[in-house]
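# Residue-level structural notes
Each chain, letter by letter, is given below.
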Amino acid sequence: MAAAFRAMLQRDLLLAWRRRGDALLPVLYAVMVATLFPFALGPEHTLLARISGGVVLVTVLLSMLLSLDAVFRGDLEDGALEYLVLAPQPLALLVAARMLAYWLVTALPLIAVAPLLAYMLGLEGPAQPVLLLALLLATPLLALIGSVLTALTVGTRRSGMLLALMLLPLAVPIVIFAAGAVGAAQQGLPWVAPVAWLAAALALAVVLAPLACATALRIALDS
Amino acid sequence: MAAAFRAMLQRDLLLAWRRRGDALLPVLYAVMVATLFPFALGPEHTLLARISGGVVLVTVLLSMLLSLDAVFRGDLEDGALEYLVLAPQPLALLVAARMLAYWLVTALPLIAVAPLLAYMLGLEGPAQPVLLLALLLATPLLALIGSVLTALTVGTRRSGMLLALMLLPLAVPIVIFAAGAVGAAQQGLPWVAPVAWLAAALALAVVLAPLACATALRIALDS
Amino acid sequence: MNAIKLWYHKLGSPPYFYVFAGYIQPWLWTIAAMLAVAGLYGGLVLAPADYQQGDAFRIIFVHVPAAWMSLFIYGVMAVSAFIAVIWRPKMAEVLAMESAPIGAAFTLIALVTGSLWGRPTWGTYWTWDARLTSELVLLFIYLGVIGLYHAFEDPRQGARAASFLAMVGAVNLPIVHYSVVWWNTLHQGTTVRYFGPSSIAPSMLWPLLAMTFAAKFYYGASLMQRSRVSLLSLERGKDWVADIVRREPTHG
Amino acid sequence: MMNAFPDPQPAPIDVRGLVYERRDERVFGPLDFTVEAGTIALVEGDNGSGKTTLLRVIAGLLRASAGEARVFGSAPGSDEARAGTASLGHLLGLKGDLTPRENLHLGMGLYGCKSGEDPDAMLCRVGLEGFGDEPVRTLSAGQKKRTALARLALLPARLWLLDEPYANLDRHGIALVNHLLALHAAAGGSALVTSHGAVSFHQGVACTIRLTP
Amino acid sequence: MMNAFPDPQPAPIDVRGLVYERRDERVFGPLDFTVEAGTIALVEGDNGSGKTTLLRVIAGLLRASAGEARVFGSAPGSDEARAGTASLGHLLGLKGDLTPRENLHLGMGLYGCKSGEDPDAMLCRVGLEGFGDEPVRTLSAGQKKRTALARLALLPARLWLLDEPYANLDRHGIALVNHLLALHAAAGGSALVTSHGAVSFHQGVACTIRLTP
Amino acid sequence: MARFLAMGGYAVFVWPAYAVFLLVLAADVIATVLRRRRVLRELRSRIARQGRRRGSVSP
Ligand code: HEM
Ligand SMILES: Nc1ncnc2c1ncn2[C@@H]1O[C@H](COP(=O)(O)OP(=O)(O)OP(=O)(O)O)[C@@H](O)[C@H]1O
Ligand SMILES: Nc1ncnc2c1ncn2[C@@H]1O[C@H](COP(=O)(O)OP(=O)(O)OP(=O)(O)O)[C@@H](O)[C@H]1O
Ligand SMILES: [Mg+2]
Ligand SMILES: [Mg+2]
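The following refers to the structure shown.

Quick notes on the rules
- Residues numbered from 1 in each chain as written.
- Chains lettered and ligands numbered in written order.
- Predicted model: local features only at pLDDT ≥ 70, side-chain atom pairs only at ≥ 80, totals over all residues.
- Heavy atoms only, no water.
- Near = heavy atom within 4 Å.
- Polar contact = N/O pair within 3.5 Å; in protein donor to acceptor, adjacent residues only side chain to side chain.
- Areas by Shrake-Rupley, 256 points an atom, 1.4 Å probe, with all protein chains shown as cover.
- Helix = DSSP H or I, 4+ residues; strand = E, 2+ residues; numbered from the N terminus.
- Nonpolar A, V, L, I, M, F, W, Y, C, P; charged D, E, K, R; others polar.
- Buried < 20%, exposed > 50% of the residue type's maximum accessible area, 1.4 Å probe, protein only.
- Pairing = 2+ DSSP bridges.
- Right-handed = clockwise from strand over helix to strand, strands pointing away.
- Axes fitted to C-alpha atoms, helices over the stretch in contact; angles between N-to-C directions.
- Salt bridge = Lys/Arg side-chain N within 4 Å of Asp/Glu carboxyl O.
- Parallel < 35°, antiparallel > 145°, perpendicular 65-115°, else oblique.
- Left-handed = near helix turned anticlockwise from the far one by under 90°.
- Contact = heavy atoms within 4.5 Å.
- Phe/Tyr/Trp six-rings, centres within 6.5 Å; stacked < 30°, edge-to-face > 60°.

Right, let's get into the site of ligand 2. Surveying the vicinity of ligand 2 reveals 20 residues, the closest of which are K51, T52 and T53 of chain D together with S140 and G142 of chain E. Each of chains D and E places residues next to ligand 2. Here T52 of chain D contributes a side-chain N or O atom positioned 2.6 Å from an oxygen atom of ligand 2. Taken by itself ligand 2 offers 640 Å² of open surface, and the protein chains cover 82% of this. Of all the secondary-structure elements, those providing two or more residues to the shell around ligand 2 are α1 (51–59) of chain D together with α5 (141–154) of chain E. Considered class by class, the residues forming the shell around ligand 2 number four nonpolar, 12 polar and four charged.

Turning to the pairing of strand β7 (residues 190–195) of chain E, a few remarks are in order. All names here are of chain E. The element β7 is largely enclosed, with a buried count of six among its six residues. As judged from the five bridges shared by strand β3 (residues 40–45) and β7, these two strands associate in the parallel manner. Note on β7: the bridge partner recorded for L42 is V193. Examined bridge by bridge, strand β6 (residues 159–162) and β7 share four bridges and lie parallel to one another. Within β7, the position partnered with W160 by the bridge is A191. With helix α6 (residues 171–186) bridging β6 and the parallel β7, this β-α-β connection has right-handed handedness.

Residues and elements named next belong to chain E. Taken in spatial order, the five strands make up an open sheet running β5-β6-β7-β3-β8, and their pairing is parallel. The open sheet is flanked by β5 (85–88) and β8 (205–211), the only strands paired with a single partner. Averaged over all neighbouring strand pairs, the angle between strand axes comes to 15 degrees, with direction disregarded.

Once that is clear, we can look at the pattern of salt bridges. Taken as a whole, this structure holds 41 salt bridges over all chains when the rule is applied. R26 of chain D is the partner of E21 of chain D in a salt bridge, and the nearest nitrogen-oxygen pair spans 3.4 Å. E21 of chain D gets classed as partly exposed once you look at its relative accessible area, which sits at 29%. Across the salt bridge formed by E44 of chain E and R210 of chain E, the nearest N and O atoms sit 2.9 Å from each other. Remark: R210 of chain E occurs in strand β8 and E44 of chain E occurs in strand β3; sequence separation between them is 166 residues. For E44 of chain E, a relative accessible area of 13% gives the class buried. For R210 of chain E, a relative accessible area of 48% puts it in the partly exposed group. Put simply, R11, D12, D75 and R98 of chain A together with K95 of chain E are held in one network by salt bridges that share partners.

What follows is about the packing of helix α3 (residues 60–87) of chain C against helix α7 (residues 172–182) of chain C. All names here are of chain C. At a minimum axis distance of 10 Å, the contact between α3 and α7 shows a crossing angle of 155 degrees. Comparing their axes, α7 and α3 come out roughly antiparallel. The element α3 and its partner α7 pack so that their crossing is left-handed. Across the interface between the two elements, L71, Y74 and G75 from α3 touch L173, V176 and H177 from α7. Classifying every residue of the contact of α3 with α7 gives four nonpolar, two polar and no charged.

With that out of the way, let us pick up helix α1 (residues 51–59) of chain E. Every α-helix winds through 3.6 residues per turn, so residues three or four apart in the chain are directed the same way. All names here are of chain E. Within α1, seven of the nine residues are buried, leaving the element largely enclosed by the surrounding structure. The complete set of buried residues in α1 reads K51, T53, L54, L55, V57, I58 and A59. Among the residues trailing α1, G60 stands out with phi positive, at a value near 95 degrees.

This next bit is on the packing of aromatic side chains. Scanning all chains against the criterion turns up 14 aromatic pairs over all chains. Aromatic pair F177 of chain A and W197 of chain A: ring centres 6.4 Å apart, planes at 25 degrees, arrangement stacked. In this pair, F177 of chain A is assigned in helix α8 (residues 160–186) and W197 of chain A in helix α9 (residues 192–221), connecting sequence segments 20 residues apart. Consider the rings of W15 of chain F and Y18 of chain F, whose centres lie 6.2 Å apart with planes at 55 degrees: the pair is tilted. Pair noted here: W15 of chain F and Y18 of chain F are both in helix α2 (residues 11–55), with a separation of three residues, about one helical turn. Its relative accessible area of 26% is what places W15 of chain F among the partly exposed residues.

Now for the packing of helix α5 (residues 130–151) of chain C against helix α6 (residues 155–169) of chain C. Angle between the axes and distance between the axes: these two values describe a pair of packed helices. All names here are of chain C. Contact pair α5 / α6: the axes reach a minimum separation of 8 Å and the direction vectors enclose 160 degrees. Considering the angle they form, α5 stands roughly antiparallel to α6. The element α5 and its partner α6 pack so that their crossing is right-handed. Side by side, α5 and α6 meet where I141, G144, V145, L148 and Y149 of the first sit next to P155, G158, A159, A161, A162, L165, A166 and G169 of the second. Tallied by class, residues from the contact of α5 with α6 come to 10 nonpolar, three polar and no charged.

The phi angle at D24 of chain D is positive, at roughly 65 degrees, despite the residue not being glycine. Here D24 of chain D is to be found in the loop between β1 (13–22) and β2 (25–35). Owing to a relative accessible area of 74%, D24 of chain D belongs among the exposed residues under this scheme. The backbone of F72 of chain E shows a phi angle near 50 degrees, a positive value even though the residue is not glycine. Here F72 of chain E lies in the loop between β4 (66–71) and α2 (79–84). Classification of F72 of chain E by relative accessible area gives buried; the value is 12%.

With respect to the secondary-structure elements, P16 of chain F resides in helix α2. In this structure, the C-alpha to C-alpha distance between P16 of chain F and V29 of chain F, residues 13 residues apart in sequence, is 20 Å. The residues touching P16 of chain F, leaving out its near neighbours within four places in the chain, are L116 of chain C together with A11 of chain F.

This part takes up the sheet that holds β1 of chain D. Residue and element names in this part refer to chain D. Taken together, three strands build an open sheet; the order of strands is β2-β1-β4 and the sheet is antiparallel. Single-partner strands in this sheet number two, and they are β2 and β4 (66–71). Here the average twist between neighbouring strands, direction ignored, is 25 degrees. Relative to β4, β1 runs antiparallel, the two sharing five bridges. Within β4, the residue paired with V19 across the bridge is A66. Lying on the sheet, α1 is in contact with β1, β2 and β4; it crosses β1 at an angle near 120 degrees.

Listed below in structure tokens is the structure:
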């Protein structure tokens, strides 16, 4: 079992490495959305600083969303997904490896660049580490929930739009808690409670999401 | 020639009709992005009203972006694109039909819903028609430029990310002019100049983009 | 127990359900219409104007039943979705999937009537308050379920996938209901209680209850009607459907 | 490079010293052959010998590295060449959301239609009666191939470029392809057909181009 | 529905009254057959007769509408069934960005490896020496198929489900498939193979399942 | 009657609310009726087509 997990993780990281240009694209996308905002709103410093935390969070979320529908698309198109479902290993295990690889490849670079974006938009010092913490909890949560929904749409040949439709309602609470923590920190208020909620949700999702995802994949492929 | 244009347009509209659920999705996506912002920023009315024009523009832009990489993807995957390139009709003509269909199907519903979004975010009365005008000019411009770039990325099997990377720099001026017009109208200043610039750019793009797109497709397929 | 089991199995069979639904449907429509007429008369004509809100309060008779139905229908849908995913009976899939559009309709009504009510009372059509937003999210979840269902070629597969989504989305229900408790909102708290005294005048209460039950019966009637159509297209290869099609030549 | 006195009816395909190299590695060697009107030419070769690549060069999708190919006397991919050519590749180019009938109408809108042909009759001829109104997506592999063959047979093109037309077809389907090819040749059309040799067209093959990897 | 006294070695495939319906339309009728260890069974039928569908039901990707299928005595798709089965469908499941060698290693990581087999030797046996380190994306249709065959032959599965293994292969490739099947049967393995009858496996076919549309 | 229609000055809010209530539910019912007709029409042509397909089985 551990061997299968390792083989799967290795495969995904290798594939990502073969397309390492792609891994940079969400980051560039985030940088550019963050750049567009000052243009759209005018370069007014206090206004920008006020909304900076929220804009960075929404930007990171949208960037992840853009690449989320590719989580299983490649494997579906070349038929690899069916071979995974038919493999003698528990599907949830393989799916967990896929999710981990996805987070490592997509979210980590975004998290690395987020402080820079926040600084560009004028986020003040004490809120910076809270933003980082919020991202570290919110991105895996999004990746996990998003993968489950992506798995549901796998059989449908629809664009990422359906995914966005289903994901955003579930993403709303995540954004609320994460932005709440950052906003509280910006105003010098206590920010532990929302972060604790995020952590609890993450712990739950880590256990349940791979199982749910495996179920969703089986449902989606059975046509 | 007119027959081929009509056949192509009819095909695309028919395909869109078969998937009419999909046509609604960009709209829903825009609605939801607009919903996320108040959460990320806190429901402060004056702040939201101040940024509403910019947020709606960026939202519409992002929604179009999300569906843009599907402009030729379907035709590439089932091989139809090669048959179009090999057809005895001028490729630019067929591509123009494709672009028109894309704008009708994707942008029109977005334009229809934009005033509602702007209202939800608190955009005031006189700026509303200017927003509509700006969108009517900016969305076809984006669709035309975006299609050319999409055509260039067609051979690369990359996700929409590469496209976003190339499109955003070109989108920045569009956003600046459109947001400039809306912002000016919001403050009661004259807003005709930026709109005129957008119109001029659109006129140019309508002539050149199909030709550029046809060339880009030929380049992208020759591997 | 045995009677219930028998009933379950009988109703679980599509041809039987089709006949059963066709039989009770007119009753449901009639009761719903009668209750609605009584409720509308009581609410629009008999009930006196509110001393604070004047006649604007009369929106309550459409807003509150619709808002309750939006939650109630989701609950019904989630339960049948659960059954559909675990045991896969066809009827549970049909009921879950046909509930979704009705629920979405009531959610839309609650949103629109609520914001029409909000303008005179709060001075705005829309604010980003927890109750309002979670209701909007509920609409999106309904739309997601409907969209996912139609995204699949095979309706049964689509029904299972969408049922799964409906189960996951059920976490939003308590958020809508308790939002007025958990966050301090503009929206008012619970005023009508099933148990214990309600803080509402009887002249307002009975039309409200009449409208509420009218909405419930409407849901039942519409669900029966929709399920019948859905069964026809789902079971299109079966003989009983062919019989019905042959027997009903006039219906268009 | 053009003849000073071009013949009045240039051959459908005329290839002189054609070479295709991918990253300076030769995919197929210098080839010389002519396909005359009314004849069928076979391209034979093992897996990976460059059959698909050759067809794409002649269609004008890839550019030859050396030598010259002429299609109806013009360069591959030029307007004149495209006007007389129809191809069928590994990918069929059918829209899965449209029905076979709609797909045929689309093809006729883009390429024109051979006079005296009717899409519905053609669907029957390729063995798809009753499937004209199902989405192509739900057809089996062989049924999709038959739809593509129907489209091909409707177009007014004089030159067919067919890449493995037999793949995924059952015995009736193989006979159908051979029948369509024979009719096409009898009407003065010509075709370039790839095959592995296991199944292929036999009657009246004018020339066979063997590729070696 | 299980036997009170299950036999010590349940047959690789045992099918009783199996029916598959799509939207209440029958795709294939009630089927009864058994595939014993060490034998090869053919599924024959014209285009659209349901061969692919049957294989997917037995693999556990689709759920039968009526009747019962048992794979090694368990339900299709169950852990026991999956542990002994390997399939090859219309889509090959190879990652185009990885090389054939990497694809083989991945398959072995997920499915395990037959003892005494070596990926590099296997690549040579299927005729891909020299292509082990090219990305699969750049291989020709037949070369991809050979890579998939190499992966199949490496896995420890006792039951093979092969959908049109001959498509896209040249004559050597067809001989290769037959050779692999013969070896597999000789080692006590069994297989269910679809074919159109134009090309297929002949020596020692234990049973032929004919599907009619 | 005019006073009733004026709704104490809140007519612009009250009547649209009731109208939305009734119209949305009416749309729900009408959509189902139309769908029923469409399904029946499809079923009828399907039955006819199947008769034809069964009549013309290839050798
Ligand atoms: C867009 C705006 C609004 C939305 C989305 C909305 C939503 C809802 C929902 C979902 C419920 C049901 C809650 C539950 O059963 O747990 C509800 C109940 C109710 N709403 Fe609203 N509402 C809105 C505006 C208003 C306004 C403006 C008023 C009056 C000032 C109002 C008065 C009520 C009342 C009295 C109830 C019944 C509370 C109870 O007893 O449970 N609503 N609303
Ligand atoms: N896009 C590509 N990039 C690099 N090499 C390629 C590419 N496409 C094909 N090749 C190589 O070119 C050679 C010829 O390929 P081609 O597809 O023309 O073969 P084929 O004769 O059609 O084979 P098959 O019978 O298997 O379809 C093969 O060795 C293949 O590996
Ligand atoms: N996803 C689907 N939805 C609806 N119908 C389908 C679907 N897939 C296949 N069918 C239909 O089911 C029947 C059997 O298809 P199947 O793919 O099993 O045939 P096959 O025997 O493999 O044919 P071929 O030899 O052409 O590959 C066909 O009539 C086909 O149209
Ligand atoms: Mg080839
Ligand atoms: Mg098949």
